[in-house]
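Residue strings, one per chain:
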Amino acid sequence: MIIATWNINSIRARIDTAVAWVKEANPDVLCLQEIKCETNSFPSTVFEDLGYNVIVHGQKSYNGVAILSKLKPEDVRRGLPGDDAESPARYIEALFPAGSAMVRVASIYLPNGNPVGTEKYTYKLAWMDRLTLHARGLLALEEPLVLAGDYNVIPAALDAKFPENWVTDALFLPETRARYRIMQNLGLTDAVRAIMPDKPGIYSFWDYQAGAWQRNNGLRIDHLLLSPQAADRLKTARIDAHVRGWERPSDHVPVAIDIAE
DNA sequence: ATGACATATGAGATATGA
């Protein structure tokens, strides 16, 4: 079962690109972030025509998350516990039952947090604390669980081309990385690093500016965290970096795993 | 130090992003 995550940076501006990758990779579940549209404006029929179920948690202009899936979603949750009606749309989760191969998947768009020293950074840290609390509850279910998305976290120096440029940034500060590590210490496995523990130069984001893609000046900030029951089934993980070279690309690329059914 | 790019909104310029 292929499960992927992709910050699409506007689904309406990127619909052809999204369809092209879906046809190429044929994922069973695709978590999208930064769809940048309201729930009712999501181009659901395009994907339904390709055989996908579509669930969306959108908002006007910014943020917004969705999950495309071949299996019918159940137990859908929109928003993280603690969200209110005005909270940005950054979390959607569903259960995909397939006999013994059932899996619960969340699409996560974690706040960026810059600039540090403002309420944006404290909001990011608080959001990570809320996510951790929710993850604890999900882990207690002892199910295959995949928390996939744009974490806006550079977990280690290995995950940036120039880590020294990020030491005071919200993506790489010790307080940020500590919270990501706390999630791992709960028993969640970073799928890409489980498959490629020490491999340098594997990134999921390249800035649009200053020729970042051409110089491979990237960051690995899109992650799939797996419960033990999912990690036991992990077969492969990959980052589809070639998509960054397509016309009018998102600044992020899809990250995909294959778990045994 | 600044801007470089890109998108949404809405019709020019600003907010957001990482």
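Above this text you will find the structure in question.
Cut-offs and rules
- Residues numbered from 1 in each chain as written.
- Chains lettered and ligands numbered in written order.
- Predicted model: local features only at pLDDT ≥ 70, side-chain atom pairs only at ≥ 80, totals over all residues.
- Heavy atoms only, no water.
- Pairing = 2+ DSSP bridges.
- Helix = DSSP H or I, 4+ residues; strand = E, 2+ residues; numbered from the N terminus.
- Axes fitted to C-alpha atoms, helices over the stretch in contact; angles between N-to-C directions.
- Salt bridge = Lys/Arg side-chain N within 4 Å of Asp/Glu carboxyl O.
- Near = heavy atom within 4 Å.
- Polar contact = N/O pair within 3.5 Å; in protein donor to acceptor, adjacent residues only side chain to side chain.
- Nonpolar A, V, L, I, M, F, W, Y, C, P; charged D, E, K, R; others polar.
- Phe/Tyr/Trp six-rings, centres within 6.5 Å; stacked < 30°, edge-to-face > 60°.
- Buried < 20%, exposed > 50% of the residue type's maximum accessible area, 1.4 Å probe, protein only.

Let's talk about the sheet that holds strand 13 (residues 234-239)
And step 1. Spatially, 3-4-2-1-14-13 is the arrangement adopted by the six strands of the open sheet, whose pairing is mixed. What marks the edges here is a single partner per strand, and that holds for strand 3 (53-57) and strand 13. Averaged over all pairs of adjacent strands, the angle between strand axes in this sheet comes to 15°, irrespective of strand direction.
And step 2. As paired elements, strand 1 (residues 2-7) and strand 2 (residues 29-33) share five bridges and run parallel to each other. By the bridge assignment, T5 is partnered in strand 2 with C31.

Examining the pattern of salt bridges
And step 1. Under the criterion given, the structure shown has ten salt bridges.
And step 2. The partner of D258 in a salt bridge is K235, with the nearest N and O atoms 3.8 Å apart. Highlighted residues: D258 in strand 14 (residues 255-259) and K235 in strand 13, separated in sequence by 23 residues.
And step 3. Members of the salt-bridge network, linked through shared partners, are D75, E93, R104 and E143.

With respect to the protein's contact with DNA strand B
And step 1. Around DNA strand B, the surrounding shell holds 23 residues, and the nearest of these are S10, R14, S61, N112 and Q209.
And step 2. A breakdown of the atoms of DNA strand B within 4 Å of the protein gives sugar and phosphate a share of 68%.
And step 3. At 2.4 Å, a side-chain N or O of S10 approaches a phosphate oxygen of DNA strand B.
And step 4. One of the side-chain nitrogen or oxygen atoms of E34 is found 3.1 Å away from a phosphate oxygen of DNA strand B.
And step 5. By residue class, the composition of the surface near DNA strand B is seven nonpolar, seven polar and nine charged.

Brief notes about the packing of aromatic side chains
And step 1. In total, this model carries four aromatic pairs according to the counting rule given.
And step 2. Ring geometry for W206 versus W213: centroids 4.8 Å apart, planes at 85°, classification edge-to-face.
And step 3. On the basis of relative accessible area, W206 is assigned to the buried category, the value being 1%.
And step 4. In this structure W213 comes out as partly exposed when scored by relative accessible area, which is 27%.

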